[in-house]
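Here is how the chains run, residue by residue.
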Protein chains: 2
Amino acid sequence: MSPNPQQRRAARHRLGTDQDAPAARRGPSGGRKKPITVDAIVSTAFGIVEREGYPALTMRRVAAVLETGPSSLYAHVVNKEDLDELLIGRLCAEIELPEPDPTAWRQQIAGVCTQLRDQYLRYPGITQASFAAAPSNLDTLRVGEGMLAILLAGGVQPQAAAWAIDSLSLYVNAYCLEHSMARGRLQDGGEGWVLSRAELLRRFAALPDSYPQTKRYAAELTAGTVHDRFDFTLGLMVDGLPRSGAADT
Amino acid sequence: MSPNPQQRRAARHRLGTDQDAPAARRGPSGGRKKPITVDAIVSTAFGIVEREGYPALTMRRVAAVLETGPSSLYAHVVNKEDLDELLIGRLCAEIELPEPDPTAWRQQIAGVCTQLRDQYLRYPGITQASFAAAPSNLDTLRVGEGMLAILLAGGVQPQAAAWAIDSLSLYVNAYCLEHSMARGRLQDGGEGWVLSRAELLRRFAALPDSYPQTKRYAAELTAGTVHDRFDFTLGLMVDGLPRSGAADT
DNA sequence: TCCGCTGTAGAACAGTGTTCGTGTCTACTG
DNA sequence: CAGTAGACACGAACACTGTTCTACAGCGGA
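Residues numbered from 1 in each chain as written. Chains lettered and ligands numbered in written order. Predicted model: local features only at pLDDT ≥ 70, side-chain atom pairs only at ≥ 80, totals over all residues. Heavy atoms only, no water.

### A word on the overall build of chain A
And step 1. A tally of helices and strands in chain A yields 12 helices and zero strands.
And step 2. When the helices and strands of chain A are listed from N to C terminus, the series reads α-α-α-α-α-α-α-α-α-α-α-α.
And step 3. Split into buried and exposed, the 249 residues of chain A put 46% on the buried side. (Helix = DSSP H or I, 4+ residues; strand = E, 2+ residues; numbered from the N terminus. Buried < 20%, exposed > 50% of the residue type's maximum accessible area, 1.4 Å probe, protein only.)

See the structure below:
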């Protein structure tokens, strides 16, 4: 048997109970010291993204690290899209989901989101892969399940909880995407659109008078760490959720 | 004088009051019926995105529509990134900003967000450009100014208003990006990850027992139009904003 | 008239993802 | 033990992408 990458990928989306069937790797071929496996590909891919950012993650780059040609990867991976999916799968698999505690559901849901954020930011730009990936992956569904459990334990109405998970995931993704984009813009170009706070304030002050509010509240607009904004928005979304009773914290 | 594209782009970010200086186009060169202008480039780019989606927007494609070679574009546009910026600039310029009405600030802010959403969705995938673009564009700042004015008129605390604008813009972008990604996934592949609601329900039902909440609340998770979710999240973010008094609507 | 300048192109370069055909080796089979 | 089937690896190539270099056209001013 030993499935093609296509079959393997389809299995990852079939959402069945079949447990991945290690397929009893035949003998590793020939003179290679280390045979090429899906896991090895994903690991080196993570290394590249962590060191050089997501745009540097090309098939050729991965192949080069593995000391082979690009075509060799296609025996284990359907696509670059497939590789992306594997990446975010492994990333989601490392998220720790707490046992739902009705008295601490806010902290718990924020904790999961923060974990996601930190994982995404650790591999800058990888959120692009997350946006492109279909949401029917088992690993991503696992964290969705965890978040749903937390919200339900907190007494959030099921419909609101379901939609809120979507919104939260989407926001975390977008936040990290923007973050990594800004970072990327910093380190290459650097021709002056480094956006330090002082610089931003100066620019806002130089705006024409048709931007009165922006000029007046420039301080507020540029205030806070980026992570302050993250916490603020999370609070906004979580605190507004309709609950069906239960005591508040 | 007649500025290079580089200078023109820098001017767009300088945020000064200088009014773009039409630069009195010298004679259009030679045998062309229609000379290539920045505006023509942007317009054809919009056409391509509207018809074929953002991934089809390549320099060569634009040049081909203009019946010329790719290199001709670089006399008017610094980069593809620059072209992207011009696109989202024009897109933002077409957003209508209402006169702030303290009694209708919720509807007004939702209206602006919905306008943005519909513009983005009209040109599928163009949000990618929006994420990549630097936020120091005059046109994008204009809608930021408008949103800020609405929120302040509604009595929202300045700091919260400032941060909320960021969050809202980010969410609208992310929503549209996800939407267009899903749309794109539909029309190419189509090998079965069409995610109709019935199909999703079937898949959730087939999940292993380690996903109890997802299985139980599959109906809620798949409920609602995509736009219902949009409205829900907007409400979540807007209703939670701290106000400094003023009567509620 | 001539010079210079601006805008238009063609060809080419360095990348990208992906596929085809071919080799090479292991592991099972007769 | 010999032989074959099949998985694996790989080099070369294709069709793209953004971008740059170079030369060419025609109009302005001197």
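On we go from here.
### Some remarks on the relation of the copies chain A and chain B
For these two chain copies, the linking operation is a rotation about an axis paired with a shift along it.
And step 1. For these two chains of identical sequence, chain A goes onto chain B by a turn of 180° and a shift of 0.0 Å along the axis, with RMSD 0.0 Å. Such a turn and shift between the copies fits a two-fold axis.
And step 2. The residues that chain A uses at the interface reappear at the interface of chain B in 100% of cases, marking a shared surface. (Least-squares fit on C-alpha atoms with pLDDT ≥ 70 in both. Contact = heavy atoms within 4.5 Å.)

### Points about helix α12 (residues 226–239) of chain B
And step 1. Between its first and last C-alpha atoms α12 of chain B spans 20 Å; for 14 residues at 1.5 Å apiece the expected length is 20 Å, and the two agree.
And step 2. Residues Arg229, Phe230, Phe232, Thr233, Leu234, Leu236, Met237 and Val238 of chain B constitute the buried set of α12 of chain B. (Expected span 1.5 Å × (residues − 1).)

### Considerations on the confidence of the model for chain A
All names here are of chain A.
And step 1. The predicted model of chain A averages 85 in pLDDT, with 84% of residues at 70 or higher.
And step 2. Per-residue pLDDT, averaged within each element of chain A, yields its smallest value for helix α1 (residues 5–14) (70) and its largest for helix α5 (residues 105–122) (97).
And step 3. Predicted confidence is poor over residues 16–31, with pLDDT under 50, and the contacts of this stretch with residues over four places away or in other chains come to eight contacts. (pLDDT = per-residue confidence, 0-100.)

### So, the packing of helix α5 (residues 105–122) of chain B against α12 of chain B
Residue and element names in this part refer to chain B.
And step 1. Two numbers describe how α5 lies on α12: the axes approach to 11 Å, and their chain directions differ by 140°. As summarised for this structure, α5 and α12 are arranged oblique, according to the angle between their axes. Regarding α5 and α12, the two cross each other, and that crossing is right-handed. Contacts from Trp105, Arg106, Ile109, Ala110, Cys113, Thr114, Arg117 and Leu121 in α5 reach His227, Phe230, Leu234, Val238 and Asp239 in α12.
And step 2. Class assignment for the residues of the contact of α5 with α12 results in eight nonpolar, two polar and three charged. (Axes fitted to C-alpha atoms, helices over the stretch in contact; angles between N-to-C directions. Parallel < 35°, antiparallel > 145°, perpendicular 65-115°, else oblique. Left-handed = near helix turned anticlockwise from the far one by under 90°. Nonpolar A, V, L, I, M, F, W, Y, C, P; charged D, E, K, R; others polar.)

### Observations concerning the packing of aromatic side chains
All names here are of chain A.
And step 1. Per the counting criterion, the structure on display carries 11 aromatic pairs over all chains.
And step 2. Site record: aromatic cluster; members linked through ring pairs are Tyr171, Tyr175 and Phe230.
And step 3. Over the ring of phenylalanine 230 we find arginine 117, and its NZ or CZ is 4.6 Å from the ring centre. (Phe/Tyr/Trp six-rings, centres within 6.5 Å; stacked < 30°, edge-to-face > 60°. Lys NZ or Arg CZ within 6 Å of the ring centre and 35° of its normal.)

### Regarding the environment of methionine 181 of chain A
And step 1. Topologically, methionine 181 of chain A is positioned in helix α8 (residues 158–187).
And step 2. Of the residues examined, methionine 181 of chain A reaches a relative accessible area of 21% and is grouped as partly exposed.
And step 3. Methionine 181 of chain A sits 56 residues away from glycine 125 of chain A along the chain, and the two C-alpha atoms are 7.1 Å apart.
And step 4. When sequence neighbours within four positions are dropped, the list of residues in contact with methionine 181 of chain A reads Gln128 of chain A together with Phe131 and Ala132 of chain B.

### Concerning the pattern of salt bridges
And step 1. Taken as a whole, this structure holds 22 salt bridges over all chains when the rule is applied.
And step 2. Across the salt bridge formed by aspartate 166 of chain A and arginine 229 of chain B, the nearest N and O atoms sit 2.8 Å from each other. Taken as a pair, aspartate 166 of chain A in helix α8 and arginine 229 of chain B in helix α12 lie in two separate chains rather than in one.
And step 3. When its relative accessible area of 14% is taken as the criterion, arginine 229 of chain B is described as buried.
And step 4. Note that glutamate 199 of chain B and arginine 203 of chain B form a salt bridge whose closest N and O atoms lie 3.2 Å from each other. You can see glutamate 199 of chain B and its partner arginine 203 of chain B sitting in helix α9 (residues 197–205), four residues apart, about one turn around the helix.
And step 5. In this structure, a network of salt bridges that share partners links the residues Arg51, Glu52 and Arg61 of chain A. (Salt bridge = Lys/Arg side-chain N within 4 Å of Asp/Glu carboxyl O.)

### What to know about the environment of asparagine 173 of chain A
Residue and element names in this part refer to chain A.
And step 1. Checked against the element boundaries, asparagine 173 lands in helix α8.
And step 2. Residue classification places asparagine 173 among the buried positions, given a relative accessible area of 9%.
And step 3. The sequence separation of asparagine 173 and leucine 116 amounts to 57 residues, and the corresponding C-alpha distance is 8.6 Å.
And step 4. In this view, asparagine 173 contacts Tyr120, Thr127, Ser130 and Phe131; residues no more than four positions away in its chain are not counted.

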